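Structural overview
So you can see what is in the structure, the chains are spelled out below.
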Amino acid sequence: MKYLYNDTYFDEEAGGPIFFYTGNEGDIEWFAQNTGFMWDIAPEFGALLVFAEHRYYGSSLPFGNDSFSSPEKSGYLTSEQALADFADFLLWFKRTRKGVQDSPIIAFGGSYGGMLTAWMRIKYPHVIQGGIAASAPVLQFQGITACNVFNQIVTNDFDQASPNCSASVRKSWEVLNRFGQSDAGREWLSSAWRLCEPLKSEDDIGNLKNWLVEVYGNLAMVDYPYPAAFLEPLPANPIKVVCQSLNDPQLTDKFLLKSLFKAVSVYFNYTGSSNCLDVSKQDAGSLGDFGWGVQSCNEMVMPMCSDGVGDMFEPLPWNYTSYEQNCLTQFGIRPRPNMAELIYGGRNIRASSNIVFSNGLLDPWSGGGVLESLSDSLIAVIIPEGAHHLDLRAAHSDDPASVTKARRIERAQIKKWIKDYYSAQSSTNEIPLPTIHTNNSSPEYDMVLPDTPLPLESSEEY
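So, a few notes on the structure that sits alongside this text. Owing to the predicted nature of the structure, the values given are computational and were not obtained by experimental measurement.

1. Side note on the nonpolar core
- Among the nonpolar cores identified, the biggest contains 121 residues, and Phe-108 and Tyr-216 are the most heavily contacted of them.
- With residues up to four places along the chain from it excluded, the contact list for Tyr-216 reads Val-154, Phe-158, Val-169, Trp-173, Leu-260, Val-264, Met-312 and Phe-313.
- In this structure, Tyr-76, Val-294, Tyr-323 and Ile-333 belong to the second largest nonpolar core, which totals 11 residues.

2. A short note on the packing of helix 7 (residues 163–180) against helix 8 (residues 183–192)
- Interhelical geometry of helix 7 versus helix 8 gives an angle of 120° and a closest axis separation of 6 Å. Relative to helix 8, the element helix 7 is oriented oblique. Residue-level contacts link Leu-176, Phe-179 and Gly-180 of helix 7 to Gly-185, Arg-186, Trp-188 and Leu-189 of helix 8.
- For the contact of helix 7 with helix 8, the residue count by class is 4 nonpolar, 2 polar and 1 charged.

3. Section: the packing of helix 6 (residues 149–161) against helix 9 (residues 202–221)
- Viewed as axis vectors pointing N to C, helix 6 and helix 9 meet at an angle of 70°, and their least axial separation amounts to 9 Å. On the basis of the axis angle, helix 6 is roughly perpendicular to helix 9. Between helix 6 and helix 9 lies a crossing whose hand is left-handed. Together, Phe-150, Val-154, Asp-157 and Phe-158 of helix 6 and Tyr-216, Gly-217, Leu-219 and Ala-220 of helix 9 make up the contact between the two elements.
- In the contact of helix 6 with helix 9, the residues fall into 6 nonpolar, 1 polar and 1 charged.

Thresholds applied
Sequence order as written defines residue numbering, which begins from 1 separately in each chain. Per-residue local features are limited, in this predicted model, to residues with pLDDT of at least 70; the limit for side-chain atom pairs, both in listing and counting, is 80 or more; totals at the level of whole chains, interfaces and linings are taken over all residues. Neither water nor hydrogens contribute to the side-chain values; these are computed over all heavy atoms in the structure. In this text, buried Ala, Val, Leu, Ile, Met, Phe, Trp, Tyr and Cys residues form a nonpolar core when linked through side-chain atoms within 4.5 Å. Each residue is assigned to one of three classes by its accessible area relative to the maximum for its type, calculated with a 1.4 Å probe on protein chains only: buried under 20%, partly exposed between the two thresholds, exposed over 50%. Contacts are residue-level and defined by heavy atoms, with any inter-residue pair within 4.5 Å sufficient. Between N-to-C directions, angles span 0 to 180 degrees; the directions come from axes that are lines fitted to C-alpha atoms, helices contributing only their stretch in contact. Secondary structure follows DSSP: runs of H or I at least 4 residues long count as helices, runs of E at least 2 residues long count as strands, and numbering of each begins at the N terminus. Each angle receives one of four descriptions, namely roughly parallel if under 35 degrees, roughly antiparallel if over 145, roughly perpendicular if within 65 to 115, and oblique otherwise. Residues are grouped as follows: Ala, Val, Leu, Ile, Met, Phe, Trp, Tyr, Cys and Pro are nonpolar; Asp, Glu, Lys and Arg are charged; every other residue, Gly included, is polar. Handedness of each helix crossing follows the sense of rotation of the near helix against the far helix: counterclockwise by less than a right angle gives left-handed, clockwise gives right-handed.

Laid out in structure tokens, this is it:
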């Protein structure tokens, strides 16, 4: 299990805390580089920074190159196992690292990492004292959040840039379908869009449309007010830039498609370095999209749908039967759609404490987030002009006032959690730590696997 740490700002004499990032679906270096808030406030708190990589992502592969070779091995890729890794690691780290034995631990995470931060506080409150769960869609599950919310927020973001923009996107689906029905149409589109692989069938058109759906969602997620390269190198307010090319839904078919290509080029080729469009690439190279596919089938079943009326997408209902069959065909895994709610509580988390749930309303994942405070220690922070975990990014001169305020609230809560921790410690004089297994012969920490994987059968078969 790879982890990164930085003790530049650690104040051992003052009992500085550990700021711990709950790594999500990708290389841990990528998250360390894009979580500037932790680095910004570390000097203020005298904190030691730790970033832990999630099992099955980056180089933390429990079975090496065979980690995805069979369901018997990939079945260990779950949030529950990852949280156990983090808890076990932190206890080991505190026992073996000089000067941190009595340090409080504050967790941070964004997106899926934010879900892990919240869930870790729920499941391991004796290990972490509190958590900043940014853009954490802990409610984005079947039976809790409507499947169309994500795409409605994406559409609203494009509407805010220009109503003509979302209207152009809505019209484009029918045009793409018509061009995809003939060899001549597919050949023209392959050339006009400079595709790396020419379109040869209507299935290829389907793949192109899936890529576009992903791009529109990603643009909404990273609609930051300044240039950034979180998923791809992009300008400030990228949706506004994209929509500059989509301001006339009355264009004829070919002109509309040419305008659409110019628009999406902002996403995949803003730097001008790409010679062709590869629609097989959807995620940033540092993200583990294959692993996430496996995990989505193991437990992270997040229904998505669209109706073409309240959103700018083609009508696509949520079909769990089809989803399940795809998981069985691709990975040999039968999904467990209710496991996250069963394990972590869904909406019923009021018994927990010391979690800040921050959400930017430009972020389509905010629809599955906690948007109202549940208690005086389960606090919802809303950032109206914020995209995906904007508050976890480093402070920037173009930040909206709402994210600056959000960070002030988060810092205040962190101070309170640390004060409460030391108050409790002074009343007991010591905080005993359980004895755990350590591997002193290696600088890396070994992940602990149970004897058998979690059951992959459906609830009915169980």
